[in-house]
Amino acid sequence: MLKYTLKVDGMACGMCEAHVNDAVRKVCPNVKKVTSSHAKGETVILTEQELDEEKLRKEISETGYELKSVSKGPYEKKGLFSFLKKK
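Predicted model, so just to flag it, every value in this text is computed and none were measured. Residue positions are given per chain, counting from 1 as you read along its sequence in written order. Only residues with pLDDT of at least 70 get local features here, since the model is predicted, and only at 80 or more are side-chain atom pairs given and counted; chain-wide, interface and lining totals rely on the full set of residues. The basis for the side-chain values is all heavy atoms of the structure; hydrogens and waters are excluded.

## Quick word on the sheet that holds strand β2 (residues 33-37)
Move 1: The antiparallel open sheet is built from 4 strands, whose spatial order is β2-β3-β1-β4. The open sheet has two edge strands with one neighbour each: β2 and β4 (66-74). Averaged over all pairs of adjacent strands, the angle between strand axes in this sheet comes to 15°, irrespective of strand direction.
Move 2: With 6 bridges connecting them, strand β1 (residues 2-9) and strand β3 (residues 42-47) associate as antiparallel partners. Counterpart to K3 in the pairing with β3 is L46.
Move 3: In this fold helix α1 (residues 14-27) packs onto β1, β2 and β3, with an angle of close to 150° to the strand it touches most, β2.
Move 4: Every residue pair with non-hydrogen atoms within 4.5 Å of one another is taken to be in contact. The axes used here are C-alpha line fits, helices contributing only the stretch in contact, and every angle between their N-to-C directions lies in the interval 0 to 180 degrees. The secondary structure listing takes helices from DSSP runs of H or I that are at least 4 residues long and strands from runs of E that are at least 2 residues long, numbered from the N terminus. Of the strands in this sheet, β1, β3 and β4 are in contact with helix α2 (residues 53-62), which crosses β4 at around 145°. If DSSP finds at least two bridges between two strands, the strands pair.

## Considering the environment of I45
Move 1: Along the chain, I45 turns up in strand β3.
Move 2: When sequence neighbours within four positions are dropped, the list of residues in contact with I45 reads L2, K3, Y4, L6, V24, V31, K33, L51 and L56.

Structural data, given as structure tokens:
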């Protein structure tokens with residue numbers, strides 16, 4: 001699983017977060033989870049597949065927001081009993 005963290009400029013409220021989330025789902029319909037925070041100015045995407053950053057940038061800018069940066073890394077779910085899986 002991959003975790004993408006997008007820095008998005010221009011979000012001011014919960015509705016802005018919803019617009020960005022919808023834009024991400026439109027370009028990348030196979031994402032597992034999308035969450036945005038206007039307070040942090042970021043959107044976090046969890047997915048099994050690589051994302052097309054240029055398509056994301058274009059779709060988000062057409063919605064009226066600016067994608068400042070994208071960072072990507074592995075994602076491992078950390079649940080209550082995750083300590084049991086340690087080897």
